[in-house]
Amino acid sequence: MSLSVLMDSSSTILLHPSIEPRDETGSVLFDPSKLQKQSSLPSEFIWPCGDLVHTQEELNEPLIDLGGFIKGDEEATAHAVDLVKTACSKHGFFQVTNHGVDSNLIQAAYQEIDAVFKLPLNKKLGFQRKPGGFSGYSAAHADRFSAKLPWKETFSFGYQGLNSDPSVVHYFSSALGEDFEHTGWIYQKYCEKMRELSLVIFELLAISLGIDRLHYRKFFEDGNSIMRCNYYPPCNNSGLTLGTGPHSDPTSLTILHQDQVGGLEVFINNKWYAVRPRQDAFVINIGDTFMALCNGRYKSCLHRAVVNKERERRSLVYFVCPKEDKIVRPPQDLMCRSGGPRVYPDFTWSDLLDFTQNHYRADVATLQSFFPWLLSSNPTSNF
Ligand SMILES: C=C1C[C@]23C[C@H]1CC[C@H]2[C@]1(C)CCC[C@@](C)(C(=O)O)[C@H]1[C@@H]3C(=O)O
Ligand SMILES: O=C(O)CCC(=O)C(=O)O
Ligand SMILES: [Fe+2]
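Residues numbered from 1 in each chain as written. Chains lettered and ligands numbered in written order. Predicted model: local features only at pLDDT ≥ 70, side-chain atom pairs only at ≥ 80, totals over all residues.

As named in an unreviewed UniProt entry, the protein chain is Fe2OG dioxygenase domain-containing protein, taken from Gossypium aridum. Under Sequence similarities (unreviewed entry), UniProt gives the following word-for-word description of the protein chain: "Belongs to the iron/ascorbate-dependent oxidoreductase family. GA20OX subfamily." Per UniProt, the comment on the protein chain under Cofactor (unreviewed entry) is "L-ascorbate". (UniProt positions renumbered as here; feature names shortened; annotations may be inferred.)

1. As for the UniProt feature "domain: Fe2OG dioxygenase" (unreviewed entry) in the protein chain
UniProt marks residues 222-322 with the feature "domain: Fe2OG dioxygenase" (unreviewed entry), using the numbering shown here. Span residues 222-322 is 6% helix and 43% strand, its end C-alpha atoms 7 Å apart. (Helix = DSSP H or I, 4+ residues; strand = E, 2+ residues; numbered from the N terminus.)

2. Points about the site of ligand 2
Close contacts around ligand 2 come from Arg-228, Asn-230, Thr-244, Asp-249, Gln-258, Gly-263, Leu-264, His-303, Ala-305, Ser-315 and Val-317, and that covers them all. Sorting the residues of the shell around ligand 2 by element identifies strand 7 (225-232), strand 13 (303-305) and strand 14 (313-320) as the ones contributing at least two each. In terms of residue class, the shell around ligand 2 is built from three nonpolar, six polar and two charged. (Near = placed C-beta within 6 Å. Nonpolar A, V, L, I, M, F, W, Y, C, P; charged D, E, K, R; others polar.)

3. Details of the environment of Asp-51
Tracing the backbone through its elements, the reader meets Asp-51 in the loop between helix 1 (32-35) and strand 3 (63-65). The exposure class of Asp-51 is partly exposed, given the 15 C-beta atoms found within 10 Å. Spatially, the C-alpha atom of Asp-51 lies 7.4 Å from that of Gly-245, the residues being 194 residues apart in sequence. When residues no more than four places from it in sequence are discounted, the contact partners of Asp-51 are Leu-242, Gly-245 and Pro-246. (Buried ≥ 20, exposed ≤ 12 C-beta atoms within 10 Å, placed from the backbone. Contact = placed C-beta atoms within 7 Å.)

4. Considerations on the site of ligand 1
Ligand 1 sits among 13 residues. The nearest are Thr-244, His-247, Asp-249, Pro-250 and Ala-362. Of all the secondary structure elements, the ones that give two or more residues to the shell around ligand 1 are strand 8 (244-247) and helix 11 (349-358). Here the shell around ligand 1 takes three residues from strand 8, the largest share from any one element.

5. Here we look at the environment of His-79
Structurally, His-79 can be placed in helix 3 (residues 74-90). The partly exposed category is assigned to His-79, around which 16 C-beta atoms lie within 10 Å. On a C-alpha basis, the gap between His-79 and Gly-68 in space is 9.5 Å, while along the polypeptide they are eleven residues apart.

6. Quick notes on the pairing of strand 10 (residues 264-268)
Extensive coverage of strand 10 is indicated by the burial of five of its five residues. On strand 10, burial covers both faces: Leu-264, Val-266 and Ile-268 on one face and Glu-265 and Phe-267 on the other are all buried. Judged from the three bridges that link them, strand 10 and strand 13 form a sheet pairing that is antiparallel. Within the sheet, the bridge partner assigned to Glu-265 lies in strand 13 and is Arg-304. Two strands pair when backbone bridges link them, and strand 10 and strand 11 (residues 271-274) are joined in this way by four bridges, in the antiparallel orientation. Paired with Glu-265 across the two strands is Ala-274, which belongs to strand 11. Taking the residues that link successive antiparallel strands as the turn, the strand 10-strand 11 hairpin has two residues, and the phi of Asn-269 there is positive, at about 50°. (Pairing = 2+ DSSP bridges.)

Encoded structure:
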């Protein structure tokens, strides 16, 4: 059995996917239905104290109403641009309302994914994420990591979006069976609306950066994005573990909807702030790849998810990614305007995704760790 070692920034030895940690009965380590009843938390789920600093403070940032911008109202556009510029320059996090996504579709997405996570564990392991891949089910990433396991189950799949081929429906039917074809249609529709919303936001970001308002829309319109559904079971020892550890998303733009339980927190000015759930709002955060696409003008947002002692929590997360082989570099007119030097070397999303899936666990220092790895494996990189 091959055993290659993965490292993260704290040089925690992470086991290669070929190792499937199991308990004494041989079952997968993270079986929520069993673990929830245990009084003690397996050590693999206990996180370092530094990551567990608790917060009571709630974030108090303005909501950005997209309604006027979508209609082309100049005054509303100017106001939205101003809010986006301030938020993204400081921390890379904002929330949008009047986004054009029907609340019934959002509720249907939660109802449908609840049925997936409620399946018996052996059924879910039937469509488990394959080593090195992205799509499928994961129980606490226990097949990828051996420490700091996140207290969550995830279900992820890809979305292309061009010529609206029903790739999501096909994935659900083939991976989960014909009983889940309807779930596939709901998520096909959901991803189509996420793609539409992401292109609106890229236009707003381009305007706020003072460049051609269609630049990023064109860059991402043939992108391959990722949809991830997170399910966080309640945890008796919620103060010792995390649902998702501190990180910035390596992707470009994240469009997240959380249910009404709460648990998302963002790190701003050296403090954690809870993000109050809003049924009518989407959370938007800048990812590492977009930070490189704007030469560091906007910040990739640091965030985490805490878990709840009594209540289960879900979040629906759409990660926008460019086409794998496109060169990630800031546009010329942004470089001319800002005048400063390039902050990051050229790279492709394919390289960064490979890095996070096969060589490094994404955390708060992913990009800083990525470039030395990239340059060592591609010495001729343009920088
Ligand atoms: C490209 C990605 C890797 C992760 C999913 C997307 C964007 C966020 C990344 C992640 C959530 C950051 C925290 C660690 C991680 C392992 C997780 O907890 O799921 C990351 C995702 C992943 O590698 O599956
Ligand atoms: O569940 C949440 O609120 C955050 C999840 C997250 O950050 C992620 O999946 O990248
Ligand atoms: Fe995230």
